[in-house]
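Chain by chain, the residues:
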Amino acid sequence: MTVSPAGTAPAVPVAEEARLAAVRRYRILDTPPDGAFDRIASLAARFFDTPMATVAIVDTDRVWFKAAHGLDGVTEIDREPGLCASAILHGEPYVVKDAGTDARAFADPLVQGEPGIRFYAAAPITTADGQRLGTVNVLDTRPREPTDDQLEALQDLAALVMDELELRLSAMRTIAAERDRRAEAERLARALQRTLLPPALPDVPGLHAAAAYHPASADEVGGDFYDLFPLDDGRWAFFLGDVCGKGAGAAALTSLTRYTLRAAAIYDPDPCAALSNLDTVLKGEYQGSDPRYCTAAFGVLQPLPDGSHAITLAGGGHPSALAVRADGSVEPISTAGGQLVGMLPDPQFVQTTTRLRPGESLLLYTDGLTEARTVDGAMLGEDGLTRHLTATAPRTAHELLRSVETLLQQMGDGVSDDTACLALSVPAPSTPSPQENR
């Protein structure tokens, strides 16, 4: 027996502590009404031909009804004194045939007050480890003599309640485990994605540069990549692309692609040669396995004495870059005809040149942007992106990315693939030159 120190609340016996812990484990208290439990209470009343039946859980100081058939408006009663509190002390059906003559029931509020209970029978809701959470009860306002078959049926209904509680607990645990798994997957995906992209773009004299990556899913590693880096002769190389697939395989391919292009540029900075070198590496690395390929745009920047930059750009199956000119017009810098990298036996890559003058900018992007759906369900396409940029008239790399981000937000759920963007701009004479990488 556990004795409390003077002046304190009575200590809870160890066995009752274990029972209450089991009640908490199933997280059933104060949950909304539920059709499954309501049907069990209704079946109990039908089997016994009684006007009232309940599915009750015994808490610390109350008896809470998960289901109450024929007791409109009653959701809980005090635990002591109470029939349910007595019933959970027994591992078999607990029966009060006539509460008017049974001393065990004299103090129960449902006996002394409304509705004036005279008959009560209960079967314990018992866990696999023997903890009795509560009872399935039938009640009547007149004395009754239950049959053995009825009491067995009451025990079966209590077992059904327990089965339902186990199923729900298993579902809650599965949901919690899945939530934890997704949270961990998202954390790992974010960490891995960070290793596949440059942590920050370098400062380029006379140029603004900004980049952004918008994942379509938080828990999958995408295959979009970009980079900007110096060459030995004062020029700068840049690239942006998209590998096939998602997940760990795409991450490995992205890493190989990015570092191969950097190495290829150091060996031979000609844009078509860089893409050809990448094509050779991908075919050699994945020889005999499923083809692994990518789209890519590779460019070289050459600063010119007048403050503009000459750009040589090659494409391998990649969407056209878009140049926003000083007068606000948007011009596609097409490398149409360039073929996928790593897919075909003898691919052809297309090269073009252009010039960025002060106040002009260039946008490279992956097809997650142009293949997104607008609010009317149509694919955005290059024409839709061109119209948007013409309407917003961005002048700097920062403004260009902000315009694209606004467009992505407007399309919302219509964006179903990852999107990477790299923006370059030659500042007008009065424009400051911060570097931005998002």
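What counts, and at which threshold
- Residues numbered from 1 in each chain as written.
- Predicted model: local features only at pLDDT ≥ 70, side-chain atom pairs only at ≥ 80, totals over all residues.
- Heavy atoms only, no water.
- Core = buried A, V, L, I, M, F, W, Y, C linked by side-chain atoms within 4.5 Å.
- Buried < 20%, exposed > 50% of the residue type's maximum accessible area, 1.4 Å probe, protein only.
- Helix = DSSP H or I, 4+ residues; strand = E, 2+ residues; numbered from the N terminus.
- Salt bridge = Lys/Arg side-chain N within 4 Å of Asp/Glu carboxyl O.
- pLDDT = per-residue confidence, 0-100.
- Contact = heavy atoms within 4.5 Å.
- Pairing = 2+ DSSP bridges.
- Expected span 1.5 Å × (residues − 1).
- Arc of directions from axis to C-beta.
- Axes fitted to C-alpha atoms, helices over the stretch in contact; angles between N-to-C directions.
- Parallel < 35°, antiparallel > 145°, perpendicular 65-115°, else oblique.
- Left-handed = near helix turned anticlockwise from the far one by under 90°.
- Nonpolar A, V, L, I, M, F, W, Y, C, P; charged D, E, K, R; others polar.
- 1 Å grid on protein atoms, 1.4 Å probe; cavity = no way out; pocket = protein on both sides within 12 Å on 5 of 7 lines; lining within 4 Å.
- Points joined across faces, edges and corners; volume = space filled by probe spheres on them.

- An unreviewed UniProt entry annotates the protein chain as PP2C family protein-serine/threonine phosphatase originating from Streptomyces heliomycini.

**Regarding the nonpolar core**
Turning to step 1, where the next piece is worked out: Val-55, Ile-125, Val-136 and Leu-165 are the most contacted members of the largest nonpolar core, which has 31 residues in total.
Turning to step 2, where the next piece is worked out: Taken together, the elements giving at least two residues each to this core come down to helix H1 (14-26), helix H2 (35-48), strand E1 (52-58), strand E2 (62-69), strand E5 (119-126), strand E6 (132-140) and helix H5 (148-196).
Turning to step 3, where the next piece is worked out: Ranked by size, the runner-up nonpolar core spans 26 residues in total, among them Ala-211, Phe-238, Ala-321 and Val-426.

**Points about the pattern of salt bridges**
Turning to step 1, where the next piece is worked out: Taken as a whole and judged by the stated rule, the model has 20 salt bridges.
Turning to step 2, where the next piece is worked out: With a shortest N-O distance of 2.9 Å, Arg-325 and Glu-331 are connected by a salt bridge.
Turning to step 3, where the next piece is worked out: Its relative accessible area of 11% is what places Arg-325 among the buried residues.

**Observations regarding the confidence of the model for the protein chain**
Turning to step 1, where the next piece is worked out: Counting all residues, the mean pLDDT for the protein chain is 87, and 89% of those residues have values of 70 or more.
Turning to step 2, where the next piece is worked out: Every residue in residues 1-11 is under pLDDT 50, and counting partners more than four places away or in other chains gives five contacts.

**Digging into the pairing of E5**
Turning to step 1, where the next piece is worked out: The buried count for E5 comes to seven of eight residues, which makes it a mostly enclosed element.
Turning to step 2, where the next piece is worked out: As consecutive antiparallel partners, E5 and E6 are separated by five residues, and within that stretch Gly-130 has a phi angle of approximately 90°, a positive value.

**Concerning the pairing of strand E9 (residues 236-243)**
On any regular strand, side chains alternate: one points to one face of the sheet, the next to the other face.
Turning to step 1, where the next piece is worked out: E9 sits mainly inside the fold: eight of its eight residues count as buried.
Turning to step 2, where the next piece is worked out: Side-chain alternation along E9 places Trp-236, Phe-238, Leu-240 and Asp-242 on one buried face and Ala-237, Phe-239, Gly-241 and Val-243 on a second face that is also buried.
Turning to step 3, where the next piece is worked out: Where strand E8 (residues 224-230) folds back onto E9 in an antiparallel hairpin, the turn is made up of five residues, including Gly-234, whose phi is positive at roughly 90°.
Turning to step 4, where the next piece is worked out: Looking at chain direction, E9 and strand E10 (residues 294-303) are connected through eight bridges and run antiparallel. Looking at the pairing, Gly-241 lines up with Ala-296 of E10.

**Focus on H1**
Turning to step 1, where the next piece is worked out: Over its 13 residues, H1 runs 19 Å from end to end, which matches the ideal 18 Å to within 8%, given 1.5 Å per residue.
Turning to step 2, where the next piece is worked out: Along H1, the residues classified as buried are Glu-16, Arg-19, Leu-20, Ala-22, Val-23 and Tyr-26. Down the axis of H1, the sector holding all buried residues measures 150°, keeping them to one side.

**Considerations on the packing of helix H9 (residues 381-392) against helix H10 (residues 397-411)**
Turning to step 1, where the next piece is worked out: As a packed pair, H9 and H10 sit with axes 10 Å apart at the nearest point and diverge in direction by 125°. With respect to H10, the element H9 is oriented oblique. Every pair of crossing elements has a handedness; the one defined by H9 and H10 is right-handed. Here Leu-385, His-388, Leu-389 and Thr-392 of H9 come into contact with H10, specifically with Leu-400, Ser-403 and Leu-407.
Turning to step 2, where the next piece is worked out: Classifying every residue of the contact of H9 with H10 gives four nonpolar, three polar and no charged.

**Some details on the layout of surface pockets**
Turning to step 1, where the next piece is worked out: As a volume, the second largest pocket reaches approximately 200 Å³.
Turning to step 2, where the next piece is worked out: Those elements that place two or more of their residues in the lining of the second largest pocket are H1 and helix H3 (83-87).
Turning to step 3, where the next piece is worked out: In the lining of the second largest pocket, the residues fall into four nonpolar, three polar and five charged.

**What to know about empty space enclosed by the protein**
Turning to step 1, where the next piece is worked out: Per the counting criterion, the structure on display carries two cavities of 30 Å³ or more.
Turning to step 2, where the next piece is worked out: In this model, the largest cavity occupies a volume close to 70 Å³.
Turning to step 3, where the next piece is worked out: Looking at the largest cavity, the residues that line it are Thr-54, Phe-65, Ile-77, Gly-82, Leu-83, Cys-84, Asp-108, Leu-110, Tyr-120, Asn-137 and Leu-139.
Turning to step 4, where the next piece is worked out: Among the secondary structure elements, those contributing two or more residues to the lining of the largest cavity are H3 and E6.

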